[in-house]
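Chain by chain, the residues run as shown.
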Amino acid sequence: MPALERGATRFAPTPTGRLHLGNARTALLSWLAAAATGRRNVLRVEDLDPAAMPEGCMAEQLADLAWLGLTWDEGPAEGGPVGPYRQSERSALYAEALQALNALGVLYPCWCSRREVREASRAPHASDEGPVYAGTCRPSAPTVWPDLTALPRRRGRVPALRLDVAAALARLGVAGPFRFGDLAAGPQAVDLAAAMGDFVVRRTDGIAAYQVACSVDDAYMGCDLVVRGADLLASAARQLLILRLLGLPEPAYAHVGLVLAPDGTRLAKRDGAIALATLREAGEDPGAVRARLAASAGLPATGDLAALVAAFRVEGLSADSVRLPA
Ligand code: GLU
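Residues numbered from 1 in each chain as written. Predicted model: local features only at pLDDT ≥ 70, side-chain atom pairs only at ≥ 80, totals over all residues. Heavy atoms only, no water.

**Student:** In this structure, what is going on with the nonpolar core? I would like to understand it.
**Tutor:** Generally speaking, soluble globular proteins have nonpolar side chains that are buried together. Grouped together as the largest cluster of nonpolar side chains are 47 residues, with contacts concentrated most on L107, L163 and L241. Counting residues per element, the ones that place at least two in this core are α3 (91-103), β3 (107-110), β4 (160-163), α5 (165-172), β5 (178-180), α7 (210-220) and α8 (233-246). If you tally residues by element for this core, the top one is α8, at 8 residues. Excluding its chain neighbours within four sequence positions, the residues that come into contact with L163 are L101, V106, L107, A168, D198, F199, V201, L241 and L245. (Core = buried A, V, L, I, M, F, W, Y, C linked by side-chain atoms within 4.5 Å. Buried < 20%, exposed > 50% of the residue type's maximum accessible area, 1.4 Å probe, protein only. Helix = DSSP H or I, 4+ residues; strand = E, 2+ residues; numbered from the N terminus. Contact = heavy atoms within 4.5 Å.)

**Student:** Please clarify how the state of the cysteines should be interpreted in this entry.
**Tutor:** Note on terminology: a disulfide is the covalent bond linking the sulfur atoms of two cysteines. Counted according to the given criterion, the structure contains 0 disulfides. In this structure C57 is not part of a disulfide, and its nearest cysteine sulfur, from C214, lies 18 Å away. Owing to a relative accessible area of 2%, C57 belongs among the buried residues under this scheme. (Disulfide = S-S within 2.5 Å.)

**Student:** I would appreciate a short explanation of α5 in the present structure.
**Tutor:** Helical geometry: 3.6 residues make up each α-helical turn, so side chains three or four residues apart lie on a common side. For α5, the complete set of buried residues consists of V165, A167, A168 and L169. Packed against the buried residues of α5 are β4, β5, α6 (192-195) and α8. Directly beyond the C-terminal end of α5, a positive phi value near 70 degrees is found at G173.

**Student:** It is not clear to me how the side chain of R228 should be interpreted in this structure. Could you clarify?
**Tutor:** Tracing the backbone through its elements, the reader meets R228 in strand β8 (residues 225-229). Here R228 occupies a buried position and makes no salt bridge, while the nearest side chain of opposite charge, D218, is found at 4.9 Å. In this structure the side chain of R228 is engaged in a polar contact, spanning 3.2 Å, whose partner is the side chain of Y210. Setting aside its immediate chain neighbours within four residues, R228 contacts R10, T26, Y210, C214, S235, A236, Q239, Y253, A254, H255 and V256. (Lys, Arg positive; Asp, Glu negative; His and termini not counted. Salt bridge = Lys/Arg side-chain N within 4 Å of Asp/Glu carboxyl O. Polar contact = N/O pair within 3.5 Å; in protein donor to acceptor, adjacent residues only side chain to side chain.)

**Student:** Any chance you could explain the environment of Y108 here in plain terms?
**Tutor:** When you line up the elements, Y108 lands in strand β3. Sequence separation between Y108 and R162 is 54 residues, and the spatial gap between their C-alpha atoms is 5.4 Å. Apart from the residues within four sequence positions on either side, Y108 is in contact with Y133, G135, C137, R138, P139, W145, A160, L161, R162, D164 and D198. In this structure the side chain of Y108 is engaged in a polar contact, spanning 2.6 Å, whose partner is the side chain of D198.

**Student:** Looking at this structure, I do not really get the side chain of D198. What am I missing?
**Tutor:** Residue placement: D198 occurs in the loop between α6 and β7 (200-202). Dropping the residues within four chain positions of it, D198 is found in contact with Y108, Y133, R138, R162, L163, D164, V165 and A166.

**Student:** What should I look at first to understand the site of the ligand in this one?
**Tutor:** In the vicinity of the ligand, the contacting residues are R10, A12, P13, T14, E46, Y210, C214, R228 and L232. In this structure, an oxygen atom belonging to the ligand sits 2.7 Å away from a side-chain N or O atom of R228. Protein contacts shield 80% of the accessible area of the ligand, which totals 300 Å² for the unbound molecule. Taken together, the residues of the shell around the ligand break down into 5 nonpolar, 1 polar and 3 charged. (Near = heavy atom within 4 Å. Areas by Shrake-Rupley, 256 points an atom, 1.4 Å probe, with all protein chains shown as cover. Nonpolar A, V, L, I, M, F, W, Y, C, P; charged D, E, K, R; others polar.)

**Student:** Even after reading the chapter, I still don't get the pairing of strand β1 (residues 8-11), so can you show me in this structure?
**Tutor:** Successive side chains on a regular strand alternate, one facing one side of the sheet and the next facing the other. Residues of β1 alternate between two faces, with A8 and R10 on one and T9 and F11 on the opposite face, all of them buried. Of the pairings in the sheet, the one linking β1 to strand β2 (residues 40-43) comprises 4 bridges and is parallel in character. Looking across to β2, one finds that F11 is bridged to L43. Of the crossover connections in this fold, the one passing from β1 over helix α1 (residues 21-37) to the parallel β2 is right-handed. (Pairing = 2+ DSSP bridges. Right-handed = clockwise from strand over helix to strand, strands pointing away.)

Okay, structure coming up:
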């Protein structure tokens, strides 16, 4: 682990589309949290599967953030002591983390197809991330696999790797719900096995899953405060589980409210109308956009970053959604 003098917050976009107002609100709040608390402001690009991401998307997102007036102490363009800052360049670190989890006997290969997972699931509507895995491939006793890079095929299939949640909780001595605090959403208690089940930590194509990459990166990049959208609250429990198993430092989380469309539905990257790029092309003033976003978070309605830093309080962050005016 690199020794860092100061903690950090981070904004960690996945470059699959243009940033919208919801992303911008989270980026602004994360940025303000760092500036107001003397932390480093890190930009991390979550391009785990670059082949699935449109060409040039990262550059467009970086340009949108620059237009919004947010600059970074560390990031893909800035560099920094704990780089690289693109997940596509950090796969060796994730492979090491998977090895360490394997040594604890909490991983197993899974040969099920998506369809089989769906059909065997006990709770098909469990989460927006898909069905809870029924445990079809789970071994009867915790197993350490001799070589994660040479797992056998079955029915011609290369396996994914899953984390055995019950074995992991037993290792950590957790009985009952998994508890953690959230600075914006309050105390949480999650029945990990029932709500999420054994989740994928490495995909069949060998790419580490988001839960692994994100938790490992937060720890290695010294991100001790994570301000991100409330849609990721369900991920926090899994990420904390991974961090605890690996003995890595845990960040404090603040899952902030999402921006909803005027009709109350969730903003999606495809809603071009509220993409930062659209506002920018329409000649909107970025300071006015900052002021709108700040006001939506209970801060003064000003685009002046110094004034916002002075007014910002981590305790003022809220997990309540905000609706865009019609
Ligand atoms: N890359 C994720 C996204 O764009 C965010 C991950 C995080 O902040 O932990 O939704």
